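For reference, the chains in residue letters:
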Amino acid sequence: MDRKTATGKGPGNGGMMQVLVRHFGLHLRLFVATNALLTIANVLTGPPWWAFWVLLVTGTAFTAHYLAYRVATVDDAWVDQRTDDVHDRSYDRGHIESIEQRQKGPSPSD
């Protein structure tokens, strides 16, 4: 499987994914700065605590952007590394090995 990142070279990667990847850092800085300033302003002015709702809405938007960014920047090396990590940290190694054997099919001696 030859998966490309959001460089526009892989199948299904449009201009929107390139924009999401390119602007992720800017979105992160704006998210932190805006919510920090609004929270400080809310603390200085006192109740009601309206900054919470702004944080909730912008946090939801930022989470969606982060997930899209992660999807767009996944490559085969990351997938292989993550698969190896999960496999190595398994507490029930015998169960995983039995699943692998079932997926390979019956052995020639069976």
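For the structure itself, look to the data block above.
Residues numbered from 1 in each chain as written. Predicted model: local features only at pLDDT ≥ 70, side-chain atom pairs only at ≥ 80, totals over all residues. Heavy atoms only, no water.

J.: Help me out: how do you make sense of the packing of aromatic side chains in this one?
T.: Remark: the centre distance and the inter-plane angle together describe each pair of aromatic rings, the angle taken between the planes. Tallying each qualifying case throughout the model produces five aromatic pairs. Ring centres of Phe-24 and Tyr-69 lie 4.3 Å apart, and the angle between their planes is 10 degrees; this geometry places the pair in the stacked category. Here Phe-24, found in helix α2 (residues 24-45), pairs with Tyr-69, found in helix α3 (residues 51-72); they are 45 residues apart in sequence, far enough to count as distant. Given the relative accessible area of 11%, Phe-24 is considered buried. One aromatic cluster is present, formed by Phe-24, Phe-31, Phe-62, Tyr-66 and Tyr-69 through successive ring pairs. (Phe/Tyr/Trp six-rings, centres within 6.5 Å; stacked < 30°, edge-to-face > 60°. Helix = DSSP H or I, 4+ residues; strand = E, 2+ residues; numbered from the N terminus. Buried < 20%, exposed > 50% of the residue type's maximum accessible area, 1.4 Å probe, protein only.)

J.: I tried to follow a nonpolar patch on the surface on my own but got confused; where do I start?
T.: A surface patch of nonpolar side chains, about 450 Å² in accessible area, is lined by Phe-52, Trp-53, Leu-56 and Val-57. Along the polypeptide, Leu-56 turns up in helix α3. We classify Leu-56 as partly exposed; its relative accessible area is 41%. (Patch = residues over 30% accessible without salt bridge, like charges linked within 9 Å, V, L, I, M, F, W, Y side chains within 5 Å. Areas by Shrake-Rupley, 256 points an atom, 1.4 Å probe, with all protein chains shown as cover. Salt bridge = Lys/Arg side-chain N within 4 Å of Asp/Glu carboxyl O.)

J.: Is there a simple way to think about unusual backbone geometry in this case?
T.: Cis geometry is adopted by the peptide bond preceding Pro-48, which originates at Pro-47 and carries an omega value of 0 degrees. Of note, Pro-48 is situated in the loop between α2 and α3.

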